[in-house]
Amino acid sequence: MRQHKLALCKEHYLEWIPEQTERFIEKYKMFTREEKILVAVSGGKDSLSLWDILIRLGYQADGLYLGLGIDGGIDYSHESQRLTEKFANERNLKLHVVDIEKEYGQSIPMLAESSHRGYGKPCAVCGLAKRHEMNRIARDLGYDVLATGHNLDDEAAVLFGNTLSWASEYLLRQGPVLPETSGLARKVKPLCRFYEREMTAYALLSGIEYIYEECPFAEGSQSIFYKETLNQLETTRPGAKLTFYLRFLEARKSGELFIEKNVQQGVLHACPKCGQPTSTPDFCSFCRMIERANVEME
Ligand code: AMP
Ligand code: FES
Ligand code: ZN
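The structure reproduced in this document is the subject of the present report. (Residues numbered from 1 in each chain as written. Chains lettered and ligands numbered in written order. Predicted model: local features only at pLDDT ≥ 70, side-chain atom pairs only at ≥ 80, totals over all residues. Heavy atoms only, no water.)

### Description of the sheet that holds strand β1 (residues 36-40)
Pairing is mixed across the open sheet formed by 6 strands, whose spatial order is β3-β2-β1-β4-β6-β5. Where the open sheet ends on each side, the last strands, each with one partner, are β3 (95-99) and β5 (177-178). Contacts between helix α2 (residues 45-56) and the sheet are confined to β1, β2 (60-67), β3 and β4 (145-147), with β1 contributing the most and set at about 160° to the helix. Strand contacts of helix α3 (residues 76-91): β2 and β3, with the helix running at about 165° to β3, the strand carrying the most contacts. (Pairing = 2+ DSSP bridges. Helix = DSSP H or I, 4+ residues; strand = E, 2+ residues; numbered from the N terminus. Contact = heavy atoms within 4.5 Å. Axes fitted to C-alpha atoms, helices over the stretch in contact; angles between N-to-C directions.)

Listed below in C-alpha cells is the structure:
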C-alpha cells in the first residue's frame with residue numbers, strides 16, 4: 001500500500017482492515033454496538049466484505065439484497081443474488097431479499113425503457129430505485145442505520161464529478177455519514193477510506209465468493225471514466241485519491257468551502273403516495289417513475 005508506505009502479510013492484512021474500519025466507524029460516529037444496522041449487499045466484493053467485517057467486529061448487522069432483474073447476457077442479478085444468499089447461509093446471517101419487479105410489477109430494465117426520456121441510462125433509474133427501496137426498507141423494518149459498501153474509488157469519482165460541475169448541493173451532502181432526517185434513515189459508508197484494490201485483496205484473502213462482473217450497464221459510464229482518470233493520477237502521485245477525498249472532508253467540516261455559506265438545502269415534504277421525503281412538488285420521482293411505467297404498459 002504505497003499511499004500508507006505499508007506492506008503486510010495475509011494474516012496481518014486480515015486484521016488491519018477490520019481495525020481500520022473500526023477506527024473510521026468511531027471517528028465519524030457512524031453507529032454503536034447497540035444499534036441495528038442494515039447492510040445493503042449487492043453480491044460484489046465491497047458490500048460482502050463490509051458485512052463480513054461488521055460481523056467480525058461484533059456489530060448487529062443484517063443484510064438487504066435488492067433484486068433488480070438485470071440479465072445483460074451474464075445473468076447478473078441471479079448470480080449476484082445466489083452469491084449473497086450463499087454468503088448469508090454459510091454464516092447463518094439474516095438476509096432480506098426484495099425484488100423490485102415483484103414489488104412494483106416492473107424490473108429496472110423495464111422501468112428504464114418506459115422512462116428513457118425523463119431519466120436517460122438505466123443506471124439513473126436504478127440509482128433512484130435503490131435509494132428509495134433501501135430507505136423504505138430500513139425505515140419499515142426499524143433499523144437505526146443503513147450501511148453501503150462504497151469504497152474510496154467510488155467516493156473520489158463522485159467527488160470528482162461534482163467538483164467538475166461545482167454541484168454545490170451534492171457536495172454538501174457527500175460524506176461518510178448522512179445523518180437521519182425526518183423520513184430518511186441515517187446512511188453510512190464505513191469503507192469510504194479504502195482503495196478499491198484494498199477491498200479486492202480483503203475479499204480474496206478472506207475467501208469471500210463474490211460476483212466479479214460489474215453490472216453490464218456500467219460499461220462506458222461517466223463514473224468509470226472518472227475512476228480511470230483518477231487512477232492515472234494515482235499512478236504518478238500515490239495517495240492522490242485519498243488526499244483529494246480527505247482534504248475535501250476537512251475543508252467541508254471546517255466550513256472553508258463556499259458551499260457551506262451560500263447553499264441552502266431544499267425544503268422537503270412527504271410524498272402523498274409513499275410518504276418518503278421529496279423536494280418535488282407532488283409525488284416523489286420514484287412514485288412518478290412507477291406510475292408512468294404502469295400507464296405505458298396498459
Ligand atoms: P453501486 O451503486 O453498484 O456502486 O453500489 C454501491 C453500494 O450500493 C454497494 O456497495 C451496496 O452496498 C449497495 N448496492 C448496490 N446494488 C445493490 C443491490 N442490488 N442490493 C442491495 N444493495 C446494493
Ligand atoms: Fe443498476 Fe447497473 S446496477 S444499472
Ligand atoms: Zn413516493
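### Quick look at the pairing of β1
Most of β1 sits inside the fold, with 4 of its 5 residues counted as buried. Bridge count between β1 and β2: 5 bridges; the pairing is parallel. In the strand pairing of β2, A40 is matched with L64. Handedness of the crossover joining β1 and β2 through α2 is recorded here as right-handed. Bridging between β1 and β4 involves 3 bridges; their strand directions are parallel. Bridge pairing links I37 to V145 in β4. (Buried < 20%, exposed > 50% of the residue type's maximum accessible area, 1.4 Å probe, protein only. Right-handed = clockwise from strand over helix to strand, strands pointing away.)

### Side note on the site of ligand 1
Taken together, 13 residues lie near ligand 1, and A40, V41, L64, L66 and G149 sit nearest. V41 places a polar main-chain atom, nitrogen or oxygen, 3.3 Å from a nitrogen atom of ligand 1. G149 is positioned such that a nitrogen or oxygen atom in its backbone is 3.0 Å from an oxygen atom of ligand 1. The fraction of the free accessible surface of ligand 1 (470 Å²) that becomes covered by protein chains is 76%. Among the secondary structure elements, those contributing two or more residues to the shell around ligand 1 are β2 and α7 (122-140). Among the elements that make up the shell around ligand 1, the one with the highest residue count is β2 (3 residues). The residue makeup of the shell around ligand 1, split by class, is 7 nonpolar, 5 polar and 1 charged. (Near = heavy atom within 4 Å. Polar contact = N/O pair within 3.5 Å; in protein donor to acceptor, adjacent residues only side chain to side chain. Areas by Shrake-Rupley, 256 points an atom, 1.4 Å probe, with all protein chains shown as cover. Nonpolar A, V, L, I, M, F, W, Y, C, P; charged D, E, K, R; others polar.)

### A closer look at helix α12 (residues 240-253)
Taking 1.5 Å as the rise per residue, α12 with 14 residues should run 20 Å; its terminal C-alpha atoms sit 20 Å apart, in good agreement. Considered for burial, the residues of α12 that qualify are A240, K241, L242, Y245, L246, F248, L249, A251 and R252. A positive backbone phi angle near 75° is found at G255, which sits one or two residues after α12. (Expected span 1.5 Å × (residues − 1).)

### Regarding the nonpolar core
Counting 45 residues, the largest nonpolar core has F31, I37, V39, W51 and L54 as its most contacted members. With residues up to four places along the chain from it excluded, the contact list for L54 reads I25, F31, I37, V39, Y59 and A61. (Core = buried A, V, L, I, M, F, W, Y, C linked by side-chain atoms within 4.5 Å.)

### Topic: the coordination of the zinc ion (ligand 3)
Bound to the zinc ion (ligand 3) are the protein donor atoms C271 (SG), C274 (SG), C284 (SG) and C287 (SG), situated 2.2 to 2.4 Å from the metal. Coordination at the zinc ion (ligand 3) is tetrahedral, judged from the 4 donor atoms that bind it and the angles of 106 to 113° they form at the metal. All donors of the zinc ion (ligand 3) come from a single chain, and their spacing in sequence reads C-x2-C-x9-C-x2-C. Of the two residues, C271 sits in the loop between β7 (269-270) and β8 (277-278) while C287 sits in helix α14 (residues 285-297), which places them 16 residues apart along the sequence. Neither residue differs from the other here; C271 and C287 are each classed as buried. (Donors = N, O, S within 2.8 Å, 3.2 Å for Na, K, Ca; no water. Tetrahedral: all angles 85-135°; square planar, octahedral: opposite > 155°, others 65-115°.)

### Structural notes on the pairing of β3
Of the pairings in the sheet, the one linking β2 to β3 comprises 5 bridges and is parallel in character. The residue bridging G67 from the neighbouring strand is D99, located in β3. You can see the chain leave β2, run along α3 and come back into β3, and the turn it takes is right-handed.

### Side note on the packing of aromatic side chains
Inspection of every chain in the model, using the stated rule, returns 10 aromatic pairs. With centroids separated by 6.1 Å and ring planes inclined at 45°, the aromatic side chains of F225 and Y226 adopt a geometry described as tilted. What makes F225 exposed here is its relative accessible area of 52%. Each member of the aromatic cluster is reached from another via a ring pair, and the members are Y13, W16, F24 and F194. If you follow K36 out to its NZ or CZ, it ends over the ring of Y143, 4.6 Å from the centre. We note R91 situated over the ring of F87; from NZ or CZ to the ring centre the distance is 3.8 Å. (Phe/Tyr/Trp six-rings, centres within 6.5 Å; stacked < 30°, edge-to-face > 60°. Lys NZ or Arg CZ within 6 Å of the ring centre and 35° of its normal.)

### Some details on unusual backbone geometry
Here the phi dihedral of K5 falls at roughly 50°; this positive angle occurs in a residue that is not glycine. On the basis of relative accessible area, K5 is assigned to the exposed category, the value being 78%. Backbone geometry places N92, a non-glycine residue, at a positive phi of 60°. Look at N92 and you get exposed, because its relative accessible area is 73%.

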